[in-house]
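# Per-entry structural report
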Amino acid sequence: IMGYQSQKKQAQMQEAANATTARNANTSHNYNLSLIEKERGTAAREKALEQFKIDKETEKEEAKLLNAGYGNPFRIVQDLGGQADLQWLDLENDFMADMNELMGQEYNSYAQLQRTYNHLAPVVYPNPLAATLQAGTAVGSYLMVPAGDRSFLQGYGKDAIKPPTLVGSGGNTAKPY
């Protein structure tokens, strides 16, 4: 019975440890996700700011060249538009690289959460029926020992009661019922 109680207490302690570990893993995962979302917002703001700077630089350069009277205005705008397109493509590529990196971090955070869950020790509660059977087997085994050889329960079990002997004619002994 002491073993059963000990196993039960150990299972309860393991269950509590697993719950704490799972709670900490969830907190860590949520924190990682919040950092990733913060980075995602920062990247979007940086992209918008950089796009605004590119647009303003293009407008400034266009106005400067058109006001200076250099050549064909159509070609000036076309050339500046090509440069702006290249800058936009570079900006988009950088932004997508940031987004892909953040997506990888998100997957890694989820994978770490899964690894933590997978390494939680299983909780095995002892079976009360098995404990009862063990106690019954121990008592039964003890009672199989002859009464004179036991420390306890001397009046029970195998060889505990000797058949009575009758004194009388012929020395016959009576048999127990």
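Scroll up to find the structure this text is about.
Before going into details, it helps to say that this report is about the structure given with it. All figures in this text were calculated on a predicted structure; none of them were measured in a lab.

Analysis parameters
- Residues numbered from 1 in each chain as written.
- Predicted model: local features only at pLDDT ≥ 70, side-chain atom pairs only at ≥ 80, totals over all residues.
- Heavy atoms only, no water.
- Core = buried A, V, L, I, M, F, W, Y, C linked by side-chain atoms within 4.5 Å.
- Buried < 20%, exposed > 50% of the residue type's maximum accessible area, 1.4 Å probe, protein only.
- Helix = DSSP H or I, 4+ residues; strand = E, 2+ residues; numbered from the N terminus.
- Contact = heavy atoms within 4.5 Å.
- Salt bridge = Lys/Arg side-chain N within 4 Å of Asp/Glu carboxyl O.
- Axes fitted to C-alpha atoms, helices over the stretch in contact; angles between N-to-C directions.
- Parallel < 35°, antiparallel > 145°, perpendicular 65-115°, else oblique.
- Nonpolar A, V, L, I, M, F, W, Y, C, P; charged D, E, K, R; others polar.
- Expected span 1.5 Å × (residues − 1).

## Points about the nonpolar core
Ile-36, Ala-43, Phe-95, Met-99 and Leu-102 form the largest nonpolar core, which has five residues in total. Elements represented by at least two residues in this core include exactly helix 1 (2-68) and helix 2 (73-118). Among all residues touching Phe-95, those that are not within four sequence positions of it are Ala-43, Ala-44 and Lys-47.

## As for the pattern of salt bridges
Taken as a whole and assessed by the stated rule, the structure comprises four salt bridges. Residues Arg-40 and Glu-106 are paired through a salt bridge, measuring 3.5 Å at the closest nitrogen-oxygen approach. Taken together, the positions of Arg-40 in helix 1 and Glu-106 in helix 2 put the pair 66 residues apart, joining distant regions of the chain. For Glu-106, a relative accessible area of 29% puts it in the partly exposed group. With a shortest N-O distance of 3.3 Å, Lys-56 and Glu-59 are connected by a salt bridge. With a gap of three residues between them, Lys-56 and Glu-59 both fall in helix 1, about one helical turn apart.

## A short note on the packing of helix 1 against helix 2
Packed helix pairs are characterised by how far apart their axes lie and by the angle those axes make with each other. Direction vectors running N to C along helix 1 and helix 2 enclose 175°, while the axes themselves pass 10 Å from each other. It follows from the interaxial angle that helix 1 and helix 2 lie roughly antiparallel. Its residues assigned to classes, the contact of helix 1 with helix 2 comprises 23 nonpolar, ten polar and nine charged.

## Points about helix 2
Relative to the 68 Å expected for 46 residues at 1.5 Å per residue, helix 2 spans 67 Å between its end C-alpha atoms, a close match to the ideal helical length. Taken together, the buried positions of helix 2 are Ile-76, Leu-80, Ala-84, Leu-91, Glu-92, Phe-95, Met-99, Leu-102, Ser-109, Leu-113 and Thr-116. Contacts made by the buried residues of helix 2 are with helix 1.

## A few points about the environment of Asn-18
Looking at the element boundaries, Asn-18 is found in helix 1. Here Asn-18 falls in the buried class, since its relative accessible area comes to 12%. With 99 residues separating them along the chain, Asn-18 and Tyr-117 place their C-alpha atoms 8.7 Å apart. Among residues more than four places away in sequence, those in contact with Asn-18 are Leu-120, Ala-121 and Val-123.

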